[in-house]
Amino acid sequence: MGPETFETLVATHHGEIHRYLRRLTARASEADDLSQETFLRAYRAFRELPDDANVRAWLFTIATNLFRNHVRSEKRRSTFHAAVLAARSETAGHDPEGETVYRETRTVIEEVVATLPLKQRTAFVLRKIHELDYETIARTLDCSADSARAHVFQALRKIRHTLNGHDMAGMMAVRAAGRPGAGAPASEASEREVTP
Amino acid sequence: MNARHSGCVAIEADLVAAATGEAAPEATRRVEEHVEHCGPCREDFGRYRAIEGLVGRLRATVSDDTEARERLIARLGDLRRRRLRYGVFPSPLGPLLIGRTDDGVSLVQYLGPEGDVRRSLLGRRPELDAVEDSLAVEAFYRELLEYLEGRRSHLEWPLDLRLARSEFHRGVLRATAAIPYGAVCSYAGIASEIGKPTASRAVAQALRWNPLPIVVPCHRVVGSSGALVGYAGDKVGLKRRLLALEGVMRAEGARVPRATMYVSLPREQCYCLPTCTWIPTADDPHRFFFFGSRERAEAAGLTPCGDCRPDLHPLASS
């Protein structure tokens, strides 16, 4: 396995892994850093990877673990900084780190997904956005395939509960009309606040 | 949901699966039968279908990873240049580890008789990103073997001094690399050469941590009295062997016989007898190379001094 092979791996999978992390994280810079770290770890471990390994699933697992660790350390940090940040954003009138929050352009689904517990959120994104099978999701989340299925089910249930009362057919139409060009992908516009 | 019939609760998982296209045919049929006569569940089924549609749209969105990808590729290029490829080879001095990066040879290490890489620098510094690749260093090994067998006097390899511990250490290693084959210089001489004439002990420390023994010939640096002093921790025996190989001293000697060696000054074109009037004794007495024989001095590109004429009056020992 030479360097070319790893370059091919980057070319093939970077876009998807970045998109996955972008969907899970609050800020674009976090997704950039985590996807870089994912591939640097992969690079170091690449030569020990068996030839028949499922590279895509392997990368998702690395990315997911990094994201989970990131959330844990963010949580610890936020205990210290929450008060400071809140005070600053009130006085400054915008996001303290200069990240604009485009709430209005985010789809309702994305809003709900962002509030889901970690395992439900990752399981949902892995299954519904990246269409990984449940066995792979189970390995990624270190749980059984049944648990993975249950996480996705619970996520869908919560989304449905939240959307109860919304006119979903109308919503789809409005969203479609409200997004004129394909040049402005929703995920890029969906800067989020840190979700616990 | 709580107010619903228990049948609705029981079928909910299948209903979600059927609405999102994940149910087995049998479950789908059960769900279809159920929603036909259960209004609330029919509504839910419709909502899940709508959610599936909305999610499908999310699936189609892309994120612009161009900048992140470019940054990653730059980092990977950097890592690749730093990656240390190494091999372990047998030699007359025991197993030797030779490692290189894209920039040059970066590590030569004497392994114990068991040749255990885990006890080498690589074992202690896992962040070095080392990968065994004997082919990448085999050419270096062959030349090193020729040197150790006395068939080669120059190892003109590109050096990568990144494993040296500091810029000062790198300066010491560069000055040491300039000592010709078959010559010795003192620690004080190296200190003087790098512009720190009082730093002999620091020079000795820098050479103790030389990541490239043999290639950066720290064995050619001896005490001002000619004593061998030390080598690679406790391997003075190896130092003696290498100096004997280069014709500087006898294999059983305890010190380099400086008083009976030819002398040259760095950057000078000629070599002299130790008694030559050109050799300053009081002023900066350490910056000399001492050669064990005229052949070695001349192999280093030096010509006999026109005053003391070492060619006409060779030293008794040579």
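Residues numbered from 1 in each chain as written. Chains lettered and ligands numbered in written order. Predicted model: local features only at pLDDT ≥ 70, side-chain atom pairs only at ≥ 80, totals over all residues.

> So, the interface of chain A and chain B: which residues are in play, and what are the values?
The partner chain B presents 29 residues to the 31 residues of chain A that form the contact. Every element with two or more residues in the side of chain A that touches chain B is listed here: α1 (3-24), α2 (28-45), α5 (118-129), α7 (145-163), α8 (168-178) and α9 (186-189) of chain A. Looking at side-chain class alone, the side of chain A that touches chain B contains 16 nonpolar, 7 polar and 8 charged residues. (Contact = placed C-beta atoms within 7 Å. Helix = DSSP H or I, 4+ residues; strand = E, 2+ residues; numbered from the N terminus. Nonpolar A, V, L, I, M, F, W, Y, C, P; charged D, E, K, R; others polar.)

> Residue-level account of the sheet that holds strand β1 (residues 84-89) of chain B, with values.
Residues and elements named next belong to chain B. Strand order in the open sheet formed by 4 strands is β3-β2-β1-β4, and the pairing between neighbours is mixed. With one partner strand each, in any of the chains shown, β3 (104-110) and β4 (130-132) form the two edges of the open sheet. With direction set aside, neighbouring strand axes in the sheet form an average angle of 25 degrees. Relative to strand β2 (residues 96-101), β1 runs antiparallel, the two being bridged by 5 bridges. Following the sheet pairing, valine 88 is matched in β2 by leucine 97. Of the strands in this sheet, β1, β2, β3 and β4 touch helix α6 (residues 134-148), which is tilted by about 60 degrees from β1. (Pairing = 2+ DSSP bridges. Axes fitted to C-alpha atoms, helices over the stretch in contact; angles between N-to-C directions.)

> Quick rundown of helix α3 (residues 39-60) of chain B? Include the residues and the values.
Its 22 residues place the ends of α3 of chain B 32 Å apart at the C-alpha level, agreeing with the 32 Å of an ideal helix rising 1.5 Å per residue. Turning to α3 of chain B, its buried residues number three or more, namely Cys41, Asp44, Tyr48, Ile51 and Val55 of chain B. Angularly, the buried residues of α3 of chain B cover 70 degrees about the axis, an arc narrow enough to put them on a single face. Exposed positions of α3 of chain B whose direction lies more than 90 degrees from the buried face are Gly39, Glu43, Gly53, Gly56 and Ala60 of chain B. Its buried side turned inward, α3 of chain B meets α4 (108-115), α5 and α7 of chain A together with α1 (6-19) and α2 (25-37) of chain B. (Expected span 1.5 Å × (residues − 1). Buried ≥ 20, exposed ≤ 12 C-beta atoms within 10 Å, placed from the backbone. Arc of directions from axis to C-beta.)

> Before we move on, could you go through the pairing of strand β5 (residues 183-186) of chain B and cite the residues and values that matter?
Residues and elements named next belong to chain B. Side chains Ala183 and Cys185 of β5 all project onto a buried face; the interleaved residues Val184 and Ser186 project onto the opposite face, where all are buried too. Where β5 lies against strand β9 (residues 289-291), 2 bridges are found, and the strand directions are antiparallel. When the sheet's bridge partners are listed, alanine 183 is paired in β9 with phenylalanine 291. Pairing between β5 and strand β6 (residues 221-222): 2 bridges, direction parallel.

> Please give an account of the environment of glutamine 154 of chain A that cites residues and values.
Among the structural elements, glutamine 154 of chain A can be located in helix α7. Glutamine 154 of chain A sits 33 residues away from arginine 121 of chain A along the chain, and the two C-alpha atoms are 9.7 Å apart.

> Describe the pairing of β1 of chain B, with residues and values.
Residue and element names in this part refer to chain B. Both β1 and β4 contribute to a ladder of 3 bridges, which runs parallel. Paired with tyrosine 86 across the strands is glutamate 132, a residue of β4. Where β1 folds back onto β2 in an antiparallel hairpin, the turn is made up of 6 residues, including glycine 94, whose phi is positive at roughly 95 degrees.

> Now, about the packing of α1 of chain B against α2 of chain B: what can you tell me, with residues and values included?
Residues and elements named next belong to chain B. The interhelical angle for the contact between α1 and α2, taken along N-to-C directions, is 125 degrees, at an axis separation of 9 Å. Taken as axis vectors, α1 and α2 run oblique relative to one another. Where α1 crosses over α2, the handedness of that crossing is left-handed. Residues Gly7, Ile11, Asp14, Leu15, Ala17 and Ala18 of α1 form the contact with α2, whose participating residues are Ala27, Thr28, Arg30, Val31 and His34. Class assignment of the residues belonging to the contact of α1 with α2 gives a composition of 6 nonpolar, 3 polar and 2 charged. (Parallel < 35°, antiparallel > 145°, perpendicular 65-115°, else oblique. Left-handed = near helix turned anticlockwise from the far one by under 90°.)

> Tell me about the environment of tyrosine 48 of chain B, and please be specific about residues and values.
Among the secondary structure elements, tyrosine 48 of chain B is positioned in helix α3. Considered as a pair, tyrosine 48 of chain B and alanine 18 of chain B are 30 residues apart in the sequence and their alpha carbons are 9.1 Å apart. When sequence neighbours within four positions are dropped, the list of residues in contact with tyrosine 48 of chain B reads Leu156 and Arg160 of chain A together with Val16, Ala19 and Thr20 of chain B.

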